[in-house]
Amino acid sequence: QVQLVESGGGLVQAGGSLRLSCAASGHTFSSYCMGWFRQAPGKEREFVAAISWSSGNTYYTNSVKGRFSISRDNAKNTVYLQMNSLKTEDTAVYYCAADRTYGAIVVDWVRYDYWGQGTQVTVSS
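Cut-offs used in this document
Residues numbered from 1 in each chain as written. Predicted model: local features only at pLDDT ≥ 70, side-chain atom pairs only at ≥ 80, totals over all residues. Heavy atoms only, no water. Salt bridge = Lys/Arg side-chain N within 4 Å of Asp/Glu carboxyl O. Helix = DSSP H or I, 4+ residues; strand = E, 2+ residues; numbered from the N terminus. Buried < 20%, exposed > 50% of the residue type's maximum accessible area, 1.4 Å probe, protein only. Pairing = 2+ DSSP bridges. Axes fitted to C-alpha atoms, helices over the stretch in contact; angles between N-to-C directions.

Undergrad: Please clarify how the pattern of salt bridges should be interpreted in this entry.
TA: Opposite charge on two side chains permits them to pair, given that their charged atoms come into close proximity. Counted by the stated rule, this structure contains 4 salt bridges. The closest approach of N and O atoms between aspartate 90 and arginine 38, which form a salt bridge, is 2.9 Å. Of the two residues, aspartate 90 is situated in the loop between strand 8 (78–83) and strand 9 (92–99) and arginine 38 in strand 4 (residues 33–39); the sequence distance between them amounts to 52 residues. Residue class for arginine 38 comes out buried when judged on its relative accessible area of 6%. A salt bridge links aspartate 113 to arginine 100; its shortest N-O distance comes to 3.1 Å. Pair noted here: aspartate 113 is in the loop between strand 9 and strand 10 (114–115) and arginine 100 is in the loop between strand 9 and strand 10, with a separation of 13 residues, a long-range link.

Following this line, the structure appears as structure tokens:
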């Protein structure tokens, strides 16, 4: 049973930083693409960042480039999203997801196979 458990969300002032973690279990994720998505109230789920577990290649949506960084720790089976220079518009529930496509970066949320429960990030002005 694949499980993804996010942590690290919270309340932060604009300009601050948070690091989200996604602990993965129940499978070998070395061939997966791992993604972070977010959903604000009344808005559609939005791609944020993704990493190919095998190659380490990364991809970001334009609005977070230069501010967010996705990484993985193979030993801990954990993916991180380091978020710096946070803005009020980054406020959302952030979800970790896993896709079984080997070696690819996947940005379309409907293609992902497994999801975490989400963690709230609130950025105040």
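Having seen the structure, we can now continue with the description.
Undergrad: Teacher, can you tell me more about the sheet that holds strand 3 (residues 18–25) here?
TA: Whenever strands of a sheet pair, they do so through backbone hydrogen bonds, lying parallel or antiparallel. Spatial strand order, 1-3-8-7: 4 strands in an open sheet with antiparallel pairing. At either end of the open sheet lies a strand with only one pairing partner, and these are strand 1 (3–7) and strand 7 (68–73). Strand-to-strand, the axes of this sheet are offset by a mean angle of 15°, without reference to chain direction. Alignment of strand 3 against strand 8, held across 6 bridges, turns out to be antiparallel. Residue pairing in the sheet places alanine 23 in a bridge with threonine 78 of strand 8.

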